[in-house]
Amino acid sequence: MRNNSTFIGRWLYSKPNLRPNKDGNIVWISKASVGPLEVYEWGMDSNNIPYESYKWLENDFFEDTSYFKNIDNEELRRQVDLIISLFKSNGLSEWAEIYENYRRENHGRLQNY
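Residues numbered from 1 in each chain as written. Predicted model: local features only at pLDDT ≥ 70, side-chain atom pairs only at ≥ 80, totals over all residues. Heavy atoms only, no water.

(A) Seen up close, the pairing of strand E3 (residues 26-34). With seven of nine residues buried, E3 is to be regarded as a mostly interior element. As judged from the four bridges shared by strand E2 (residues 11-14) and E3, these two strands associate in the antiparallel manner. Bridge pairing links tyrosine 13 to lysine 31 in E3. Summarising the sheet, E3 and strand E4 (residues 37-44) pair through eight bridges and their orientation is antiparallel. Within E4, the residue paired with lysine 31 across the bridge is tyrosine 40. (Buried < 20%, exposed > 50% of the residue type's maximum accessible area, 1.4 Å probe, protein only. Helix = DSSP H or I, 4+ residues; strand = E, 2+ residues; numbered from the N terminus. Pairing = 2+ DSSP bridges.)

(B) Up close: helix H1 (residues 73-89). The terminal C-alpha atoms of H1, which comprises 17 residues, lie 24 Å apart, in line with the 24 Å expected from a rise of 1.5 Å per residue. Of the residues making up H1, those classed as buried are Asn73, Glu75, Leu76, Gln79, Val80, Ile83, Ile84 and Phe87. Directly after H1, the chain includes glycine 91, whose backbone phi takes a positive value near 70°. (Expected span 1.5 Å × (residues − 1).)

(C) Expanded view of the packing of H1 against helix H2 (residues 93-105). Where H1 contacts H2, the two axes come as close as 7 Å, and the packing angle between them is 160°. With respect to H2, the element H1 is oriented roughly antiparallel. The hand of the H1/H2 crossing is left-handed. Side by side, H1 and H2 meet where Val80, Asp81, Ile83, Ile84, Phe87 and Lys88 of the first sit next to Ser93, Trp95, Ala96, Tyr99, Glu100 and Arg103 of the second. Looking at the contact of H1 with H2, its residues break down into seven nonpolar, one polar and four charged. (Axes fitted to C-alpha atoms, helices over the stretch in contact; angles between N-to-C directions. Parallel < 35°, antiparallel > 145°, perpendicular 65-115°, else oblique. Left-handed = near helix turned anticlockwise from the far one by under 90°. Contact = heavy atoms within 4.5 Å. Nonpolar A, V, L, I, M, F, W, Y, C, P; charged D, E, K, R; others polar.)

See the structure below:
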């Protein structure tokens, strides 16, 4: 697969990034919208705890709606399952396979943190 991102509807999805970002987080799922400009992420934080993040980037009107919160393993598994289903239903079997493999490889990590 050559592309690192793909659009479904108004959302731009990026492939999982296995390297920690500048905050030490490993981003499993990232989806961004350009209208309005906002980003959702799910993954493992620098302490290896599942998280969900939302950032409003459009303007100052709703910037206080941005958040970063820890979630439980079940919620992260649910998000991975949803993304697999979304990619399959949109004919993106290669993308679904990436997440299926990632879920399988990280099964133990999702059990305990």
